[in-house]
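So the chains spell out like this:
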Amino acid sequence: QVQLVESGGGSVQPGGSLALSCVAYGSIAEYVMGWYRQVPGNEPELVAHITTEGFTNYGSVSKGRFAISRDNAKNMAFLQLNYLQPDDTAVYLCKADGRYSGNGIAWGQGTQVTVSA
């Protein structure tokens with residue numbers, strides 16, 4: 001089972017952008033990679049996921065502003081966040097879902113994104 005480490009979070013003003021990265025220790029080739037976000041007291045909500053074939057699906061929070069990608073050769077997943085707004089403030093978590101290939105599910109620790117004026 002892979003281990004995941006996110007990076008790239010930080011503080012930005014409304015309208016700004018951030019590029020998040022998730023590096024996996026282990027191969028992600030057989031995993032659906034996803035990004036979720038979580039605020040205190042709530043369950044994680046889907047931001048986007050990308051299949052092993054590269055098909056993408058976005059949660060309603062994306063609103064056409066975010067883009068997910070992956071690089072299997074580098075065992076990495078990425079999330080580009082554009083036109084950020086204060087309600088995008090959350091911990092962004094990387095998830096590797098290997099259930100369809102007989103592997104388990106792994107989560108990273110998350111990276112904080114804060115959007116404020």
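Conventions we followed
Residues numbered from 1 in each chain as written. Predicted model: local features only at pLDDT ≥ 70, side-chain atom pairs only at ≥ 80, totals over all residues. Heavy atoms only, no water. Core = buried A, V, L, I, M, F, W, Y, C linked by side-chain atoms within 4.5 Å. Buried < 20%, exposed > 50% of the residue type's maximum accessible area, 1.4 Å probe, protein only. Contact = heavy atoms within 4.5 Å. Helix = DSSP H or I, 4+ residues; strand = E, 2+ residues; numbered from the N terminus. Polar contact = N/O pair within 3.5 Å; in protein donor to acceptor, adjacent residues only side chain to side chain. Pairing = 2+ DSSP bridges. Axes fitted to C-alpha atoms, helices over the stretch in contact; angles between N-to-C directions. Salt bridge = Lys/Arg side-chain N within 4 Å of Asp/Glu carboxyl O.

Q: Account for the nonpolar core, with residues named and values stated.
A: Within the largest apolar cluster, 28 residues are counted, with the highest numbers of intra-cluster contacts made by Leu-4, Met-33, Trp-35, Val-47, Leu-79, Leu-81 and Tyr-92. Not counting residues within four places of it along the chain, the set of residues in contact with Tyr-92 comprises Glu-6, Leu-20, Trp-35, Tyr-36, Arg-37, Val-47, Leu-79, Leu-81, Gly-110, Thr-111 and Val-113.

Q: How would you explain the side chain of Asp-88 if you had to name every residue and give the values?
A: For Asp-88, the location among the structural elements is in the loop between β8 (76–81) and β9 (90–97). Residue classification places Asp-88 among the buried positions, given a relative accessible area of 1%. Looking at Asp-88, its side chain comes within polar contact range of the side chain of Arg-65, at 2.6 Å. Asp-88 has contacts with Arg-37, Arg-65, Phe-66, Tyr-83, Val-113 and Val-115, leaving out every residue within four places of it along the chain.

Q: For the sheet that holds β8, give the residues involved together with the corresponding values.
A: In space, the four strands of this open sheet follow the order β1-β3-β8-β7, with antiparallel pairing throughout. Either end of the sheet is taken by a strand with one partner, and the two such strands are β1 (3–7) and β7 (66–71). Geometrically, the sheet is characterised by an average inter-axis angle of 15 degrees between neighbouring strands, direction not taken into account.

Q: So what about the environment of Thr-51? Which residues, and what values?
A: Looking at the element boundaries, Thr-51 is found in the loop between β5 (45–50) and β6 (56–58). Residues Thr-51 and Asp-97, spaced 46 residues apart in sequence, show a C-alpha to C-alpha distance of 9.4 Å. Every residue in contact with Thr-51, bar those within four places of it in the chain, is listed here: Val-32 and Arg-70.

Q: A description of the pattern of salt bridges should follow, citing residues and the corresponding values.
A: Going through the model one piece at a time under the given rule, you end up with four salt bridges. Across the pair Asp-88 and Arg-65 runs a salt bridge whose closest N-O atoms are separated by 2.6 Å. Residue Asp-88 is located in the loop between β8 and β9, and its partner Arg-65 is located in the loop between β6 and β7; the two are separated by 23 residues in the primary sequence. Summarising the burial analysis for this pair, Asp-88 and Arg-65 share the class buried. Two residues, Arg-99 and Asp-97, come together in a salt bridge whose shortest N-O distance is 2.5 Å. Taken together, the shared-partner salt bridges in this structure form one network comprising Arg-37, Glu-45, Arg-65 and Asp-88.

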